Amino acid sequence: MSDGRSLKVPVKLCAFACVLACSTLTSALSMLYLPTLLSLIYVAMQGRTRLALSFAMTYAVLALLLFLIRFHGLHMIVFSEFHVLLLWSMSPVIVVGWDLVTTPPGDLSAFLSKMHAPVALILGVLVVFRFFPTMASELSSIVRSMRNRSLTAPSRMIAHPAASGEYVIVPLMLRCLQIADQLTVSAIARGAERNGIRSSYYGRPCEARDAIWLAVWMAGTALFLLVTGAKP
């Protein structure tokens, strides 16, 4: 069941649309730290403090790199200045988008069902939204298993790159097939083939904090674009 502090799906969709508008429409990229800070507070207020701290640390590194590039002429080999600026400008979208993607599937299906969305669309959205977190978890398990078998040593990976890649790809493909079967069984057991609006344990009425955050995002986005100026 979802965390009691998690906001409703409409609020998360509105937040994602707002930060996307801020990142793409503003003409002052240097001011994008404002929606990013609001995004971090927004995530932390939902009880996801660890996620907010990890994004905040990453954002601090980006800010440091931009400072060194701008005032000290830093030139990097692997990542260019464009990549750093792109991550800086898309940081609020990444933070809010990750919060939306990791929303419990029950919340998403309950919302889409109330919107009379087709079953195929509901299942497709659930699979897409859960793909990246699930694959990240599976990949972490595979790497941990390889480490226990001493297969992640740099010398071994450099000497046998094809075998090292096979150790990752093969179990990951097998897990994808197993997860697909499990999703099919789970969807059928939960009545996915039944037409009409289905009940859900995740359904709850909108609360005051949902309305507050909805107003904060809409008003904050309008004020941000008004002050910083929108692209023509």
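Bear in mind that the values here come from a model prediction, so they are computed numbers and not experimental data.

**Observations regarding the domain arrangement of the protein**
Part 1 of the argument: On domain assignment, one finds that the protein holds domain 1 (9-103 + 205-230) and domain 2 (108-190).
Part 2 of the argument: Taking only C-alpha atoms into account, the centre of domain 1 sits 27 Å from that of domain 2.
Part 3 of the argument: If you look at the interface, domain 1 gives eight residues, while domain 2 gives five residues.
Part 4 of the argument: Linking domain 1 to domain 2 there are zero salt bridges.
Part 5 of the argument: Here the side of domain 1 that touches domain 2 is composed, by residue class, of six nonpolar, two polar and no charged.

**Focus: the packing of helix H2 (residues 33-44) against helix H3 (residues 49-72)**
Part 1 of the argument: Where H2 meets H3, the axes come as close as 7 Å, and the angle between the chain directions of the two elements is 160°. The orientation of H2 relative to H3 falls into the category roughly antiparallel. The handedness of the crossing between H2 and H3 is left-handed. Here Tyr33, Thr36, Leu40, Val43 and Ala44 of H2 lie close against H3, whose contacting residues are Thr49, Leu51, Ala52, Phe55, Ala56 and Tyr59.

Each value, and the rule that gives it
- Per chain, residue numbering runs from 1 following the sequence as it is written.
- Note on the predicted model: pLDDT of at least 70 is required for a residue's local features to be given, and 80 or more for side-chain atom pairs to be given and counted; whole-chain, interface and lining totals, by contrast, use all residues.
- Computation of side-chain values: all heavy atoms of the structure, hydrogens and water removed.
- Start and end positions for the domains come from either an automated domain assignment or a database one.
- The contact criterion used is simple: two residues touch if any of their non-hydrogen atoms lie within 4.5 Å.
- Between Lys or Arg on one side and Asp or Glu on the other, a salt bridge is scored when a side-chain nitrogen of the former is within 4 Å of a carboxyl oxygen of the latter.
- Amino acids outside the nonpolar list (Ala, Val, Leu, Ile, Met, Phe, Trp, Tyr, Cys, Pro) and the charged list (Asp, Glu, Lys, Arg) are all regarded as polar, and Gly is one of them.
- To get an axis, fit a line to the C-alpha atoms, keeping to the stretch in contact for a helix; angles then go from 0 to 180 degrees between the N-to-C directions.
- Only DSSP runs of H or I with at least four residues qualify as helices, and only runs of E with at least two residues qualify as strands; both kinds are numbered from the N terminus onward.
- An angle counts as roughly parallel when it lies under 35 degrees, as roughly antiparallel when it exceeds 145, as roughly perpendicular when it falls between 65 and 115, and as oblique in every other case.
- Handedness of a helix crossing follows the sense of rotation of the near helix relative to the far helix, less than a right angle counterclockwise being left-handed and clockwise being right-handed.

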